Amino acid sequence: MSRISRRIFLLCGLLTAGLAQAQLSIEITGAGASRIPVAIADFAGDPTLSRIVVGTVRADLERSGLFRLVDPAGAALDENTPVDLPAWKTRGADALAAGSITRAADGRIEARFRLYDAQKSETLGGAAFVTQSAQLRMAGHRIADYIYEKLTGEPGVFSTRIAYVVKSRGQFLLQIADADGQGAATALTSTEPIISPVWSPDGSRLAYVSFEKKKPVIYVHSLASGQRHIVANFKGSNSAPAWSPDGRKLAVVLSKDGNSQLYTVNADGSGLQRLASSPGIDTEPRYSADGAHIYFTSDRGGSPQIYRVDASGGAAQRVTFDGSYNVSPRPSPDGRSLAFITRREGRFQLAVMDLGSRQVQVLTDSHRDESPSFAPNSRMILFATEIGGRGVLSAVSVDGRIKQRLSIAAGDVREPAWGPFLK
């Protein structure tokens with residue numbers, strides 16, 4: 001397997017005290033105009049383990065809206081099985097993945113696979129992952145990420161995680177799940193609201209606002225240990241945390257001196273500094289991908305609009321001019337786009353701005369969108385909306401073509417945050 005890179009990893013859950021909750025279910029409501037036909041053969045080896053891994057890979061690729069699955073309709077193929085690629089091309093597959101699942105004496109499980117280009121009759125490479133049985137789906141996500149990147153040229157996000165808040169039976173639960181909504185676990189349960197969760201750049205911590213002290217207070221929560229500490233608990237409101245790209249600071253909104261204004265603070269709660277001054281309300285800060293600027297919402301011009309200021313402070317520049325209400329700026333990780341919520345004809349909808357051309361496209365036709373969050377590859381945007389009076393999560397591609405809906409049967413789901421790439 002000289003052309004297959006070997007990646008050894010033991011995947012373990014980071015929520016040591018979390019309890020599994022109802023899973024998010026995903027409904028695909030739109031797909032790409034041209035989907036890549038790909039066949040994922042049954043993997044050789046243990047059939048039960050193979051079904052888990054291969055089923056995860058197939059579901060990930062199909063859910064992305066960029067792939068069309070070709071029925072392999074045959075026996076299991078391992079990564080060393082001679083493959084008649086012209087025959088797969090005739091069956092309509094542009095690509096084929098084959099592999100095996102084996103269990104070692106120490107209980108560890110190895111998933112190996114190879115990816116082929118059926119159109120060019122060549123091997124595209126492969127990988128080997130080592131994990132435990134409880135983390136088999138993560139191995140499937142990793143394989144799907146590999147296939148996605150090889151066939152689209154962009155990194156896959158199937159192995160990333162999302163955070164969100166569920167309101168159910170008078171409780172608020174801060175939950176973490178795989179990007180497909182599976183494997184949900186609870187990081188925090190409270191009888192008071194939890195809002196504005198945001199991932200640290202390395203994915204190890206969440207900052208959020210909790211009302212458990214009967215006022216908004218900002219916490220940083222370590223997912224590995226379950227320990228957390230207060231970052232901002234000043235007089236008045238402490239809200240809207242946003243991590244700097246290096247993970248050392250948070251931009252926050254405090255009302256300790258009057259109106260809500262922008263500050264920065266170290267992740268341990270030290271080093272508070274005022275970022276800007278305004279006669280109005282400044283809120284919802286977000287760092288640009290390069291850390292040079294902070295985007296935020298302000299009514300300083302008479303209506304809520306999006307502005308930008310240098311990360312070290314200074315004069316602010318207005319960014320949005322179309323419409324009388326534009327809020328919740330979210331710069332994309334690749335620095336090319338800005339997602340935000342705009343009000344059009346009484347509807348609050350998700351929009352995206354190309355930061356190069358300043359062209360704006362409204363991506364949804366819903367009425368109460370809020371809390372947008374980019375996938376780490378910048379291709380999809382996760383957001384909260386309301387259907388039938390109940391909060392659900394939706395995702396849409398930056399071109400508006402691919403759409404998904406994530407919901408829980410007996411809960412109100414809001415405040416989504418898409419985590420970074422796993423290291």
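Residues numbered from 1 in each chain as written. Predicted model: local features only at pLDDT ≥ 70, side-chain atom pairs only at ≥ 80, totals over all residues. Heavy atoms only, no water.

## What about helix α1 (residues 47–63)?
Note: α-helices contain 3.6 residues per turn, so residues at a spacing of three or four share the same orientation.
Argument step 1. The end-to-end C-alpha distance of α1, which contains 17 residues, comes to 23 Å, matching closely the 24 Å that a straight helix rising 1.5 Å per residue would cover.
Argument step 2. Within α1, burial applies to L49, S50, V53, V54, T56, V57, D60, L61 and R63.
Argument step 3. Where α1 ends, the next residue or the one after it, G65, has phi of about 80 degrees, a positive value. (Helix = DSSP H or I, 4+ residues; strand = E, 2+ residues; numbered from the N terminus. Expected span 1.5 Å × (residues − 1). Buried < 20%, exposed > 50% of the residue type's maximum accessible area, 1.4 Å probe, protein only.)

## A short note on the sheet that holds strand β27 (residues 360–362)
Adjacent strands of a sheet pair through backbone hydrogen bonds, lying either parallel or antiparallel.
Argument step 1. Spatially, the 4 strands line up as an open sheet ordered β24-β25-β26-β27, and their pairing is antiparallel. In this open sheet, the two edge strands, each paired with only one partner strand, are β24 (326–331) and β27. When the angles between neighbouring strand axes are averaged without regard to direction, this sheet yields 25 degrees.
Argument step 2. Pairing of strand β25 (residues 337–344) with strand β26 (residues 347–354) involves 8 bridges; the strand directions are antiparallel. Bridge pairing links R343 to F348 in β26. (Pairing = 2+ DSSP bridges. Axes fitted to C-alpha atoms, helices over the stretch in contact; angles between N-to-C directions.)

## Overview of the pattern of salt bridges
Argument step 1. Taken as a whole and judged by the stated rule, the model has 17 salt bridges.
Argument step 2. Measuring nitrogen to oxygen at the nearest pair gives 3.5 Å for the salt bridge that ties E154 to R379. Taken together, the residues span a long stretch of sequence, with E154 in the loop between α3 (136–152) and β9 (161–168) and R379 in the loop between β28 (370–374) and β29 (380–387) at a distance of 225 residues.
Argument step 3. Judged by its relative accessible area of 22%, R379 falls in the partly exposed class.
Argument step 4. For D412, the salt bridge identified is with R414, shortest N-O distance 2.7 Å.
Argument step 5. Look at D412 and you get buried, because its relative accessible area is 17%.
Argument step 6. Residue classification places R414 among the partly exposed residues on the basis of a relative accessible area of 21%.
Argument step 7. Residues joined by salt bridges that share partners form a network here, namely R368, E370, E386, D412 and R414. (Salt bridge = Lys/Arg side-chain N within 4 Å of Asp/Glu carboxyl O.)

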